[in-house]
Amino acid sequence: MDRNDPSYKGQRGYNRFLLAIYDPWVLGFMTRAVWKVPVPPGIERYRRLMGRRHLDVGPGTGYFLEKAAPSDGTEITLLDPNPNVLRKTSRRLAAMHPITVEADVMKPLPVEGPFDSAALNYVLHCLPGPQSNKAVAIRNIADVLTPDGVLFGGTVLGLEERHRPQARAFLRAANLAGDFDNLGDTAEGLRGILEESFETVEVEVVGSAADFTARSPRPASP
Ligand SMILES: C[S@@+](CC[C@H](N)C(=O)[O-])C[C@H]1O[C@@H](n2cnc3c(N)ncnc32)[C@H](O)[C@@H]1O
């Protein structure tokens, strides 16, 4: 991680302490009670959309991958700029023999593709805004997918969307601290940046977040 990089604030928080409490605090409490996003459908979607060669960008603790239980023979690559994340996740998922790549999704990805699928789950709201700036991350993933590859995930939306009061308060605090940079992120804006790089895009608002699926990457512009 590079302290001077614009993406640094969204990556730096994942230290050993946060990773130790992440599953009960973020997935057990925040996601369900504050964002109002149920977790089991996210696991089911992960299981359904994951292909044989799969890239997880920003795996956190590896919770979704573990619960989605990929079939034998699935090749998993974990990409994250934060070495704590890669250490924790590769340990947890050791039985899957994942490849780990220390890299920032805002830069061209140094990976051995192409991949059949990629997850970008709850990462976009951590990336440096405005939302149009995050199109770079989507493009970088599209560039390492097969022609019929799929990108899927979810992201917390900004203040223009509907939220419970607790969610608004948390959004403001997380943006002030720099862990999130998403105050201006909208579901329509998300659709826009996905459509820049993919032919077929689905976006569904669930609670304070949007789930997305994007298929068939467009060729990179010359
Ligand atoms: C909120 S966690 C999401 C974890 C997991 N995907 C989940 O859904 O539980 C955000 C993850 O994105 C990673 N991340 C933050 N900035 C990133 C960047 N610029 N490139 C790649 N990953 C990034 C963090 O290190 C962390 O692993």
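Throughout this document, residue positions are counted from 1 along each chain, in the order its sequence is written. Side-chain atom pairs in this predicted model are given and counted only at pLDDT of 80 or more, local residue features only at pLDDT of at least 70, and totals for whole chains, interfaces and linings cover all residues. The side-chain quantities take in all heavy atoms of the structure and omit both hydrogens and water.

Draft legend 1. Structural view of the pairing of strand 1 (residues 53-57). Residue exposure (1.4 Å probe, protein chains only): buried if accessible area is under 20% of the type maximum, exposed if over 50%, otherwise partly exposed. A run of H or I in DSSP becomes a helix once it reaches four residues, and a run of E becomes a strand once it reaches two; helices and strands are each numbered from the N terminus. For strand 1, a buried count of four out of five residues is recorded, marking the element as mostly surrounded by other parts of the structure. Sheet topology note: the strand 1/strand 2 (residues 75-80) ladder contains five bridges and is parallel. Across the sheet, leucine 55 pairs through a bridge with threonine 77, a residue of strand 2. In terms of handedness, the path from strand 1 via helix 4 (residues 63-68) over to strand 2 forms a crossover that is right-handed. Strands qualify as paired when DSSP identifies two bridges or more between them. Whether a crossover is right-handed comes down to one check: with the strands pointing away from the viewer, does the path from the first strand over the helix to the second run clockwise; if it does, it is right-handed.

Draft legend 2. How the structure looks around the packing of aromatic side chains. Each pair of aromatic rings taken from Phe, Tyr and Trp, with Trp reduced to its six-membered ring, is defined by centres within 6.5 Å and is described as stacked if the planes are under 30 degrees apart, edge-to-face if over 60, and tilted in the remaining cases. Enumeration according to the criterion identifies seven aromatic pairs in this entry. The interplanar angle of 80° and the centroid separation of 5.5 Å between the aromatic rings of tryptophan 35 and phenylalanine 170 together place this pair among those described as edge-to-face. With tryptophan 35 in the loop between helix 2 (16-34) and helix 3 (40-49) and phenylalanine 170 in helix 7 (residues 165-177), this pair connects stretches of sequence that are 135 residues apart. On the basis of relative accessible area, phenylalanine 170 is assigned to the partly exposed category, the value being 28%. Among the aromatic side chains, those forming a connected cluster through ring pairs are Trp35, Phe170 and Phe180.

Draft legend 3. Geometry of the sheet that holds strand 3 (residues 99-102). Strand order in this open sheet of seven strands is 3-2-1-4-5-7-6, and the pairing throughout is mixed. At either margin of the open sheet sits one strand with a lone partner, and together these are strand 3 and strand 6 (198-206). When the angles between neighbouring strand axes are averaged without regard to direction, this sheet yields 15°. Relative to the sheet, helix 3 contacts strand 1, strand 4 (115-121), strand 5 (145-156) and strand 7 (209-217), its axis offset from that of strand 5 by approximately 170°. Here, residues are in contact when the closest pair of their heavy atoms is within 4.5 Å. Only the stretch in contact is used when fitting a helix axis, every axis being a line fitted to C-alpha atoms; angles between N-to-C directions are given from 0 to 180 degrees. Across the sheet, helix 6 (residues 135-142) touches strand 1, strand 4, strand 5, strand 6 and strand 7, and the angle it forms with strand 5 is around 145°.

Draft legend 4. Looking closely at unusual backbone geometry. Here the bond from glycine 113 into proline 114 is cis, since omega is -5°, no more than 30 degrees from zero. If you trace the backbone, proline 114 turns up in the loop between strand 3 and strand 4. Along the chain, glycine 129 connects to proline 130 via a cis peptide bond; the corresponding omega equals 0°. Residue position: proline 130 is located in the loop between strand 4 and helix 6. Positive phi, normally seen in glycine, also occurs at lysine 36, with a value near 60°. Residue position: lysine 36 is located in the loop between helix 2 and helix 3. Residues other than glycine seldom take positive phi values, yet histidine 97 does so here, at roughly 50°.

Draft legend 5. Highlighting the pairing of strand 7. Most of strand 7 sits inside the fold, with seven of its nine residues counted as buried. In the sheet, strand 5 pairs with strand 7 via seven bridges, with the strands oriented antiparallel. Of the residues in strand 7, the one forming a bridge with phenylalanine 152 is threonine 213. Summarising the sheet, strand 6 and strand 7 pair through eight bridges and their orientation is antiparallel. When the bridges of strand 7 are listed, valine 201 appears paired with alanine 214. Where strand 6 hands over to strand 7, the hairpin turn is made up of two residues, of which glycine 207 adopts a positive phi near 60°.

Draft legend 6. Spatial organisation of a positive patch on the surface. Taken together, the side chains of Arg16, Arg87, Lys88 and Arg91 make up a positively charged region of the molecular surface. The greatest single-element share of the positive patch, amounting to three residues, is contributed by helix 5 (residues 83-92). Along the chain, arginine 16 turns up in helix 2. Patch criteria: residues need more than 30% relative accessible area and no salt bridge. Like-charged residues are merged within 9 Å; nonpolar side chains of Val, Leu, Ile, Met, Phe, Trp and Tyr are merged within 5 Å. Residue exposure ignores everything except the shown protein chains as possible cover, and the areas themselves are Shrake-Rupley values with a 1.4 Å probe. In the sections that follow, a salt bridge refers to a side-chain nitrogen of Lys or Arg positioned within 4 Å of a carboxyl oxygen of Asp or Glu. His is not counted, nor are the chain ends; Lys and Arg add positive charge and Asp and Glu add negative charge. For this purpose, a charge sits on NZ of Lys, CZ of Arg, CG of Asp or CD of Glu.

Draft legend 7. Structural context of the packing of helix 6 against helix 8 (residues 187-197). At a minimum axis distance of 9 Å, the contact between helix 6 and helix 8 shows a crossing angle of 35°. Note on packing geometry: the crossing formed by helix 6 with helix 8 is right-handed. Facing Ala135, Ile138, Arg139 and Ala142 of helix 6, the residues of helix 8 in contact are Ile193, Leu194, Glu196 and Ser197. We call Asp, Glu, Lys and Arg charged. Ala, Val, Leu, Ile, Met, Phe, Trp, Tyr, Cys and Pro are nonpolar, and the rest, Gly among them, are polar. Here the residues of the contact of helix 6 with helix 8 are counted per class, giving five nonpolar, one polar and two charged. Handedness of a crossing is defined here by the sense of rotation of the near helix relative to the far one, left-handed for an anticlockwise turn of less than a right angle and right-handed for a clockwise turn.

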